[in-house]
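Each chain, letter by letter, is given below.
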Amino acid sequence: MKKAAIFIMLTVFLIGCQQENYLAQQSDKRNAQQDYKEEPVTFVQENEEEEEKEEEQEEKQQEKEQENEQTNENTDDSLTVIDDSESVSLVVNKQRKLPDGFEPDDLEEANVPYHAAEGDPKRLLQKVAADALEGLFADAKEDGLELVAVSGYRSYDRQKQIYENNVATNGQQHADKFSAKPGTSEHQTGLAMDVASAALVAVLEQSFIETNEGQWLEDHAHEHGFIIRYPEGKEEITGYSYEPWHLRYVGKEIATEIYQAQITLEEYFGLYP
Ligand SMILES: [Zn+2]
């Protein structure tokens, strides 16, 4: 009995050991298979993840570009339409436009020497500015200087024509850089006049400041309510290069303050941070 019992116990023990061994081996095998399988799987997953990341980045990039395009379009569409177009202190620039079709109702010629032929709308200014221009030219004459009025009022339609011709000939980008969009030219207000020295008739160049007339205007324009609208070194604020010939009527008080502080119309009204 004892022998038989010991034999059975041993057999059970051995079978148990073998089973454990077998199970352990199976487990090892499975692990090994898993390792083998997992590696390439992981590799594939990583590849997919990278591709997904790249796609996401591409999408983001495209979204950004679209946003920029929209911002650009918005900049054009969101030009502020000024609501004080009747005021002599209105500010028109590349961000602020006149209401569509704006036309001053008291345009007239000043009694000054003109470059343009009689009847040309370039000779016109709002009455208050035309009167002031007469005073300015008279003072200049007393100081022995000869000014000529070159270009004043320009209608919305004329500006539209100039702008559209430029787009058709040179493309949108060039046109936007070199000609004002209809509604954004200060000449449409009837408050701006380009002037020249009689000796250099109709030459609107920066060298005008080297003439006696140019120098005199810089010092005396404000006495009659005019400012040099696009001063030197203020291109970033006004959006325009130096134009010593472009006078803008704003009234004596504002003109004098702007002259004394050596600032621009934008800065005067806090329209530039
Ligand atoms: Zn001008």
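The rules behind each value
- Residues numbered from 1 in each chain as written.
- Predicted model: local features only at pLDDT ≥ 70, side-chain atom pairs only at ≥ 80, totals over all residues.
- Heavy atoms only, no water.
- Helix = DSSP H or I, 4+ residues; strand = E, 2+ residues; numbered from the N terminus.
- Contact = heavy atoms within 4.5 Å.
- Areas by Shrake-Rupley, 256 points an atom, 1.4 Å probe, with all protein chains shown as cover.
- Expected span 1.5 Å × (residues − 1).
- Buried < 20%, exposed > 50% of the residue type's maximum accessible area, 1.4 Å probe, protein only.
- Arc of directions from axis to C-beta.
- Pairing = 2+ DSSP bridges.
- Axes fitted to C-alpha atoms, helices over the stretch in contact; angles between N-to-C directions.
- Donors = N, O, S within 2.8 Å, 3.2 Å for Na, K, Ca; no water.
- Tetrahedral: all angles 85-135°; square planar, octahedral: opposite > 155°, others 65-115°.
- Core = buried A, V, L, I, M, F, W, Y, C linked by side-chain atoms within 4.5 Å.
- Polar contact = N/O pair within 3.5 Å; in protein donor to acceptor, adjacent residues only side chain to side chain.

(A) Seen up close, the overall build of the chain. When its secondary structure is counted, the chain shows 8 helices and 8 strands. Residue pairs at least 24 apart in sequence account for 63% of intrachain contacts in the chain once pairs closer than 6 positions are excluded. Entry remark: accessible area of the chain is about 17,600 Å², with carbon and sulfur atoms responsible for 48%.

(B) View of helix α3 (residues 156-170). The first and last C-alpha atoms of α3 sit 21 Å apart over 15 residues, in line with the 21 Å expected at 1.5 Å per residue. Within the span of α3, buried status applies to Y156, Q159, Y163 and N166. One side of α3 holds all its buried residues, which, seen down the axis, span an arc of 100 degrees. Looking at α3, the residues exposed on the side facing more than 90 degrees away from the buried face are D157, A168 and T169. Against α4 (172-178) lie the buried residues of α3.

(C) Inspection of the sheet that holds strand β7 (residues 226-228) at higher detail. Spatial strand order, β5-β6-β8-β7: 4 strands in an open sheet with antiparallel pairing. Each end of this open sheet is capped by a strand with a single partner; those strands are β5 (147-151) and β7. Across the sheet, the axes of successive neighbouring strands diverge by a mean angle of 40 degrees, strand direction being ignored. Note that β7 and strand β8 (residues 246-249) share 3 bridges and pair antiparallel. When the sheet's bridge partners are listed, I228 is paired in β8 with L247.

(D) Representation of the coordination of the zinc ion within the structure. Coordination of the zinc ion by the protein comes from H187 (NE2), D194 (OD), D194 (OD) and H246 (ND1), over a distance range of 2.0 to 2.8 Å. Around the zinc ion, the 4 donor atoms are arranged such that angles at the metal cover 51 to 152 degrees; this shape is classified as irregular. Here the donor residues for the zinc ion map to a single chain with the spacing H-x6-D-x51-H. Of this pair, H187 sits in the loop between α4 and β6 (192-197) while H246 sits in strand β8; the two residues are 59 residues apart in sequence, bridging distant segments of the chain. Judged on exposure class, the residue H187 and its partner H246 are both buried.

(E) The arrangement of the nonpolar core in detail. Residues L133, L136, F137, L217, F226 and L247 are the most contacted members of the largest nonpolar core, which totals 31 residues. Residue assignment for this core shows that the elements contributing at least two residues are α2 (127-142), β5, β6, α5 (212-220), β7 and β8. No other element matches the 7 residues that α2 contributes to this core. Residues within four places of F226 in sequence aside, it is in contact with A129, A132, L133, L136, A221, L247, R248, Y249 and A255. Membership of the second largest hydrophobic core comes to 7 residues, among which are I227, I254, I258 and L265.

(F) Quick look at the side chain of H222. Mapped onto the elements, H222 comes out in the loop between α5 and β7. Within the structure, H222 has its side chain in polar contact with the backbone oxygen of D219 (distance 3.5 Å). Discounting chain neighbours no more than four positions away, the residues touching H222 are K252, A255, T256 and Y259.

Fair warning: the whole summary comes from geometry, so function is off the table for now.
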